[in-house]
Amino acid sequence: MPEDARYFFHKSARLSDEEKRRLRTAIAVECCLAGRPGERGALAASLCRMLSGKSPMQGGQLVDWLLAYGTPRLLMRLKQTHSPLAGGIWLARAISRIEPANLLRREHIRPDIQRFLASPTPRTALVCFAGSAQKLSVPVQLFHAHAATRFDLIVYLRDASKQQFTQGIAGIAGDMPALFEHVKTLIPQTCRLAVLSASSGGYAAVRFAESAGADRLAMFSPSFRFKEVPAIDGPARLRTEAVRIYYGRGNLKDAHYAADWGSTGYARSLRWFSTHSHGTLRHVFECGQVDALMDWLQGGTELSVRMRRSLLDVLPHIAARLRPGTLKKR
């Protein structure tokens, strides 16, 4: 299958000043790693040192920056150099799943729509709605590394205007119904369809899933209202056993959203994770249960909510709490 047939992207607006700065940084790091001279700032210099092995791999902001804004070439370099000690075992395992053939080639400029075709005759499709942070709790590229080997066709959507897709996507559709019709044209009717969302992306995800008659819908910490208009205002149009709505038990924002969803026909679809985080899809990654989620999206058995992080991931947090100065004097 030709490379152009595998991947399509649409970005409605020109790069913002911030996006240009990120792209210049990524290019500067590529030049640095290739031994070519060039002007680069402090961030590019730090990234270059880390990826060239001249400084310890960091588990925080630098790795997160690369996963969100790094070019495919930089992501492959990250895979080669990333240490399990940087960010935890879960992150190392997730990064190890990144493969060159499956990378979203323009993800680093944050397109509004991306379509990835793994098979010329797709039988399974996944449509993902990102939240206002423009990701799926984890960077889209990290999520895609897992999904690309499980689904024949994947569509990712972002709303750069942060209007929860109610105004469509410029250059594609002027409102939400028109956007949904466009997305449907990208998916053969013979495909088994799954829909997934994170945070505010759930507002559009449930509407699309109902409109398209999705076989499975998984929403992670979805909001329920936008400008006082509820995501749904009638009976559930999907089977409740085909829908899962996940929340963090210790998160106040999630508790508020869950109360709204609990008053709908999808009340029986609610599930609770033992986490204080609003990033409930990230929690699935941290607990090593992404493959179980993919199984459920494809029609498999229930994803367990009784998840626990690996002891190797938890130990650094325990150690940090036990450092001198962090314990209260008795």
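Use the structure listed above.
Residues numbered from 1 in each chain as written. Predicted model: local features only at pLDDT ≥ 70, side-chain atom pairs only at ≥ 80, totals over all residues. Heavy atoms only, no water.

Caption draft 1: Looking closely at helix α4 (residues 61-69). Across the nine residues that make up α4, a large majority, seven, are buried. Inspection of α4 places L62, V63, W65, L66, L67, A68 and Y69 among the buried residues, and these make up the whole buried set. Its buried side turned inward, α4 meets α2 (17-33), α3 (42-51), α5 (72-81), α6 (89-96) and α7 (140-147). (Buried < 20%, exposed > 50% of the residue type's maximum accessible area, 1.4 Å probe, protein only. Helix = DSSP H or I, 4+ residues; strand = E, 2+ residues; numbered from the N terminus. Contact = heavy atoms within 4.5 Å.)

Caption draft 2: Highlighting the state of the cysteines. Inspection of every chain in the model, using the stated rule, returns one disulfide. Paired by a disulfide, C32 and C48 hold their sulfur atoms 1.9 Å apart. Between C32 and C48, the S-S dihedral sits near -75°, and the bridge is therefore left-handed. One end of the pair, C32, is in helix α2; the other, C48, is in helix α3, with 16 residues separating them in the sequence. As far as burial versus exposure is concerned, C32 and C48 are alike and both buried. (Disulfide = S-S within 2.5 Å.)

Caption draft 3: Layout of the nonpolar core. Of all hydrophobic cores here, the largest spans 59 residues; its most connected members are L126, L136, L142, F143, L196 and L297. Of the residues forming this core, the biggest block, seven residues, is contributed by α4. Discounting chain neighbours no more than four positions away, the residues touching F143 are L126, C128, L136, V138, Y156, L196, L281, F285 and M294. Membership of the second largest hydrophobic core comes to 42 residues, among which are A125, F129, L157 and Y247. (Core = buried A, V, L, I, M, F, W, Y, C linked by side-chain atoms within 4.5 Å.)

Caption draft 4: Main features of the side chain of N251. Looking at where N251 falls in the secondary structure, it is placed in the loop between β9 (243-248) and α10 (252-261). Looking at N251, the relative accessible area reads 13%, which means it is buried.

Caption draft 5: Spatial organisation of helix α9 (residues 202-212). Burial analysis of α9 places eight of its 11 residues in the buried class, which makes it a mostly covered element. Taken residue by residue, α9 has G202, Y203, A204, A205, V206, F208, A209 and E210 as its buried positions.

Caption draft 6: Broad picture of the pattern of salt bridges. On inspection of all chains with the given rule, the structure shows 15 salt bridges. Its salt-bridge partner being E302, residue R271 comes within 2.9 Å of it at the nearest N-O pair. Taken together, the positions of R271 in strand β10 (residues 270-273) and E302 in the loop between α12 (290-297) and α13 (311-321) put the pair 31 residues apart, joining distant regions of the chain. Salt bridges linked by common partners bring R97, R150, D291 and D295 together as one network. (Salt bridge = Lys/Arg side-chain N within 4 Å of Asp/Glu carboxyl O.)

Caption draft 7: Quick peek at empty space enclosed by the protein. On inspection of all chains with the given rule, the structure shows one cavity of 30 Å³ or more. Put simply, the largest cavity is a space of about 30 Å³. Lining of the largest cavity is provided by I98, E99, N102, L103, Q141, H144 and A145. Counted by class, the lining of the largest cavity contains three nonpolar, three polar and one charged residues. (1 Å grid on protein atoms, 1.4 Å probe; cavity = no way out; pocket = protein on both sides within 12 Å on 5 of 7 lines; lining within 4 Å. Points joined across faces, edges and corners; volume = space filled by probe spheres on them. Nonpolar A, V, L, I, M, F, W, Y, C, P; charged D, E, K, R; others polar.)

Caption draft 8: Representation of the environment of I245 within the structure. Counting through the fold element by element, I245 comes out in strand β9. Ignoring anything within four residues of it in the chain, the contact list for I245 reads M219, P222, W261, Y266, S269, L270 and R271.

Caption draft 9: Region of the structure containing the environment of R40. With respect to the secondary-structure elements, R40 resides in the loop between α2 and α3. In this structure R40 comes out as partly exposed when scored by relative accessible area, which is 35%. Every residue in contact with R40, bar those within four places of it in the chain, is listed here: A28 and C32.

Caption draft 10: Inspection of the packing of aromatic side chains at higher detail. Overall, the coordinates contain 13 aromatic pairs when judged by the stated rule. Summarising the aromatic geometry, the rings of Y7 and F9 are spaced 6.1 Å apart at their centres and angled 20° between planes, so their arrangement reads as stacked. On the basis of an interplanar angle of 75° and a centroid distance of 6.5 Å, the ring pair of W90 and F285 is categorised as edge-to-face. Of this pair, W90 sits in helix α6 while F285 sits in helix α11 (residues 280-286), and the two are 195 residues apart along the sequence. Across the pair, F285 and W90 agree in class, each one buried. (Phe/Tyr/Trp six-rings, centres within 6.5 Å; stacked < 30°, edge-to-face > 60°.)

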